[in-house]
Each structure stands twice: as C-alpha cells, then as structure tokens.
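Chain residues, written in single-letter form:
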Amino acid sequence: MDTSNPALFVNAELLRMHVGRRVRTVIQVLRSDSGGSVIGNSTDGQQLVIKGHPPGPLSTFVEVIGIADSNQSIRADIWNNFGDVLDTASYNVVCQLANGDYKHLFI
C-alpha cells in the first residue's frame, strides 16, 4: 500500500477544508453528463460534482479518489463501483472519525 500520497476521507461538509488536496468520498450517483461530470449525493446528503470520465458504467454508489477542486467538486482520477446498497450513515461516521480525534488511524 502506497502511503506517500494518502487520500483523506471526506463527505461534502468536510470537503471544503481540503480544497487542493487528495481526497476520497462515496457518492450516490444521480446523473452524468456528456461533458465529463457526474452529479451525486454525498453520504451527508449534500450534492457534489465529480469531474472526470468514469471508466465504464457506474453502480448506484461510487467511491471517487482525486483532488478537491472546490468546496463542491472533485477532479477524480480513480473510480470504484461500490454496488447498489450502502450504509451511508456508517460511511459518514467514518469520515467524521477520519477528520477528528482518530485521524492518526487513517494515514
């Protein structure tokens, strides 16, 4: 596992604190457009724009890893399908823990 450039766990609320840094998040895909953007709901219920071209068909939930462009967008370079069912509340708690008292456990 390469730890030289870790991606921070974020939801939409936490994204604004990490603009310009490498992040990872999971979204529920709402729609995609031909211009290379995917619109989705973050695990905290806020909408995010993911820029880039996914490698193929997307499942309902997708993990993206990339650079936080703004407080509402990520320029993704890695896309991972997470399936059609996900406990978003639990993932949201992981994001909170990874940015709080336990961030030392999340590289």
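Residues numbered from 1 in each chain as written. Predicted model: local features only at pLDDT ≥ 70, side-chain atom pairs only at ≥ 80, totals over all residues. Heavy atoms only, no water.

Let's talk about the side chain of Arg22
Just so we agree on the cut-off: Secondary structure elements follow DSSP: runs of H or I no shorter than four residues count as helices, runs of E no shorter than two count as strands, and numbering proceeds from the N terminus. Pairing of N or O atoms within 3.5 Å defines a polar contact, subject to two protein rules: one partner must be a possible hydrogen donor and the other a possible acceptor, and residues neighboring in sequence count only if both atoms are side-chain atoms. Every residue pair with non-hydrogen atoms within 4.5 Å of one another is taken to be in contact.
Positionally, Arg22 belongs in strand 2 (residues 22-33). Within polar-contact distance, the side chain of Arg22 engages the side chain of Asp77 at 3.3 Å. Non-local contacts of Arg22, meaning those with residues more than four positions away in its chain, are made with Asn5, Pro6, Ala7, Leu8, Ile65, Gly66, Ile67, Asp77 and Ile78.

A look at the packing of aromatic side chains
What counts is decided by this rule: Put simply, two rings from Phe, Tyr or Trp (the six-membered ring, in Trp's case) pair if the centres are within 6.5 Å, and we call them stacked under 30 degrees between planes, edge-to-face over 60, tilted for the rest. Counted as over-ring charges are cases with an Arg CZ or a Lys NZ within 6 Å of the ring centre that also lie within 35 degrees of the ring normal.
A complete count under the given rule lists 2 aromatic pairs for this structure. Connected via pairs of aromatic rings, a cluster forms that spans Phe9, Tyr91 and Phe106. The ring of Phe9 has Arg24 sitting right over it, with the charged end atom 5.4 Å from the ring centre.

Structural notes on the nonpolar core
Worth spelling out the cut-off: Grouping buried Ala, Val, Leu, Ile, Met, Phe, Trp, Tyr and Cys residues that are joined through side-chain atoms within 4.5 Å yields what is termed a nonpolar core. Throughout this description, buried means an accessible area under 20% of the type-specific maximum (1.4 Å probe, protein chains only), exposed means over 50%, and partly exposed covers the range between.
Among the nonpolar cores identified, the biggest contains 22 residues, and Leu15, Val23, Leu48, Ile50, Val64, Ile74 and Trp79 are the most heavily contacted of them. Of all the secondary-structure elements, those providing two or more residues to this core are strand 1 (8-9), helix 1 (12-15), strand 2, strand 4 (47-51), strand 5 (61-70), strand 6 (73-81) and helix 2 (88-98). By residue number, the principal contributor to this core is strand 5, which donates 4 residues. Those residues within four positions of Leu48 in sequence are excluded, and the remaining contacts are Ala12, Leu15, Thr25, Ile27, Val38, Ile39, Gly40, Ser42, Asn71 and Gln72.

Overview of the pairing of strand 3 (residues 37-42)
Basically, it comes down to this: Pairing between strands is defined by DSSP: at least two bridges between them are needed.
Most of strand 3 sits inside the fold, with 5 of its 6 residues counted as buried. One ladder, built from 6 bridges, connects strand 2 with strand 3; its direction is antiparallel. The residue bridging Arg31 from the neighbouring strand is Ile39, located in strand 3. Counted along the chain from strand 2 to the antiparallel partner strand 3, the turn is 3 residues long, and its residue Gly36 has a positive phi close to 90 degrees. Across 5 bridges, strand 3 lies against strand 4 in antiparallel orientation. Residue pairing for strand 4: Asn41 is matched across the bridge by Gln47. The antiparallel hairpin formed by strand 3 and strand 4 contains 4 residues in its connecting segment, where Gly45 sits at a positive phi of about 90 degrees.

Quick notes on the pattern of salt bridges
Under the convention used in this document: Salt bridges, as used here, are contacts in which a Lys or Arg side-chain nitrogen is within 4 Å of a carboxyl oxygen on Asp or Glu.
This structure, assessed with the given rule, holds 4 salt bridges. Ionic pairing is found between Arg22 and Asp77, a salt bridge with its closest N-O pair at 3.3 Å. Here Arg22 is found in strand 2, whereas its partner Asp77 is found in strand 6, with 55 residues between them in sequence. When its relative accessible area of 18% is taken as the criterion, Arg22 is described as buried. Its relative accessible area of 49% is what places Asp77 among the partly exposed residues. Here Asp69 ties to Lys51 by a salt bridge, and the two come within 3.3 Å at their closest N and O atoms. Taken as a pair, Asp69 in strand 5 and Lys51 in strand 4 lie far apart in primary sequence, 18 residues in all. A relative accessible area of 28% places Asp69 in the partly exposed class. On the basis of relative accessible area, Lys51 is assigned to the partly exposed category, the value being 34%. Each of Lys51, Asp69 and Arg75 takes part in salt bridges that share partners, so that together they form one network.

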